[in-house]
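Residue-level listing of the chains:
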Amino acid sequence: MRLVACSNCHTQYDVTDVIAKSIPCRCGSEIENVPLRPIAARIARCGSCGAGVLSEASTCQYCGCEIIRELGDHSLICPECFARSPDASRFCTGCGVAFRPERVRIQGHELVCPACSTLMPARQVSGVGLNECLACHGLWAPDDSFDLLVGRAIEARQQASAAELQQLRPRVTGSNPSRQSVQYRKCPECDAQMHRSNYRKTSGVIIDSCAEHGIWLDADELEQIAGFILSGAAGERPAADSAARRRQRAASAAAIARATLPLELERLDRAASAVGHSGIAVESVVNLLCKILK
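Everything in this summary refers to the structure shown in the same document. Per chain, residues are indexed from 1 in the order of the written sequence. Two thresholds apply to this predicted model, a pLDDT of at least 70 for residue-level local features and 80 or more for giving and counting side-chain atom pairs, whereas whole-chain, interface and lining totals are computed over all residues. No hydrogens and no water enter the side-chain calculation; it runs on all heavy atoms of the structure.

### Concerning helix α3 (residues 221-230)
The condition that has to hold: Here's how the labels work: a residue is buried when its accessible area is under 20% of the maximum for its type, exposed when over 50%, partly exposed in between, all with a 1.4 Å probe on protein chains only. Where helices and strands are cited, they refer to DSSP runs of H or I of at least four residues and of E of at least two residues respectively, numbered from the N terminus.
Taken as a whole, α3 has its buried residues at Glu-221, Ile-225, Gly-227, Phe-228 and Ile-229. Of the residues one or two after α3, Gly-232 is the one with positive phi, at around 95°.

The structure is reproduced here in structure tokens:
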């Protein structure tokens, strides 16, 4: 795997199969796609867990994984310190930075609109990469793009004068989401049904989010959220729904579901025995597994 990192936001990208001379970063910067030159760095970290290791240690004292010291021609080079690490490493063995590469979004990457099935071309808003539907004017904010946009709005509020703040009014006040028609959207990346939530619980703006890939905003919802933040109604706290936290919540939910699987299987087995028909249990188990592993 060949990595590059943005010098501005330090987001990593896997450019193993990318031939373009430069790639756009989600923060709006342009990253030069050039092979990195490794340096001879001391093995100071475990490539599996990132913990510090002794100079002569053969295994990590924390996770027990083998410390590979003969790196040979391993292709994984840290985009931050340029130390060479084993190909399967999750952390740099030199500086300890985590390897979390994202998929390269080259210019022209299109997605199918979850609202009207029209192809959505890529564009930038305030230097943040998005996909916009030209038919229904919805916006797809991949990964942390939504949080970057919210951050821009918070910065604008903090930099505004007192006179400018007095002129700002929330574009959404006192709306009742329960009176709005419910429309569930599917993620344009993985086609899974997205979760609906009231932004900041009081804005009245219902957003659709995929824990793994991003947030969908219907027409004018970005403007409504910006007005809600700039008016001061949202407070000064940073965006709560970062992609990292969404992924953590999704992982926690999956872990809880897997932990309860044995109990569910036992319950289904008792139900099947009561009616003397194992087919019922088999069908229920299949449905349960599909739900948990979705």
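### Overview of unusual backbone geometry
Phi at Phe-82 is positive, roughly 70°, even though this residue is not glycine. Within the secondary structure, Phe-82 is located in the loop between β5 (76-77) and β6 (84-85). Judged by its relative accessible area of 32%, Phe-82 falls in the partly exposed class. Its identity as a non-glycine residue notwithstanding, Arg-200 has a phi of 55°, on the positive side. Take Arg-200: it is sitting in the loop between β12 (195-198) and β13 (206-210).

### Section: the pattern of salt bridges
Cut-off, in case you're wondering: The salt bridge definition used is simple: a Lys or Arg side-chain nitrogen within 4 Å of an Asp or Glu carboxyl oxygen.
Per the counting criterion, the structure on display carries one salt bridge. The salt bridge partner of Arg-185 is Asp-218, with a shortest N-O separation of 3.2 Å. Of this pair, Arg-185 sits in the loop between α2 (162-167) and β12 while Asp-218 sits in the loop between β14 (214-217) and α3, and the two are 33 residues apart along the sequence. Taking relative accessible area as the criterion, Arg-185 reaches 10% and is therefore assigned buried.

### Quick word on the environment of Val-205
With respect to the helices, strands and loops of the structure, Val-205 is situated in the loop between β12 and β13. Judged by relative accessible area, which is 1%, Val-205 ranks as buried. Separated by 16 residues in sequence, Val-205 and Glu-221 have C-alpha atoms that sit 6.7 Å apart.

### A few points about the packing of aromatic side chains
Our working rule: Centres within 6.5 Å are what make two rings of Phe, Tyr or Trp a pair, Trp counting through its six-membered ring; a difference in plane orientation under 30 degrees is then read as stacked, over 60 as edge-to-face, and the rest as tilted.
Counted under the stated rule, the structure contains two aromatic pairs. Centre to centre, the rings of Phe-146 and Tyr-199 are 5.7 Å apart; their planes meet at 90°, and the pair counts as edge-to-face. Of this pair, Phe-146 sits in helix α1 (residues 145-159) while Tyr-199 is found in the loop between β12 and β13, placing the two residues 53 residues apart along the sequence. Consider the rings of Tyr-199 and Phe-228, whose centres lie 6.4 Å apart with planes at 75°: the pair is edge-to-face. Of this pair, Tyr-199 sits in the loop between β12 and β13 while Phe-228 is found in helix α3, placing the two residues 29 residues apart along the sequence. In this structure, Tyr-199 and Phe-228 share a single accessibility class: buried. One aromatic cluster is present, formed by Phe-146, Tyr-199 and Phe-228 through successive ring pairs.

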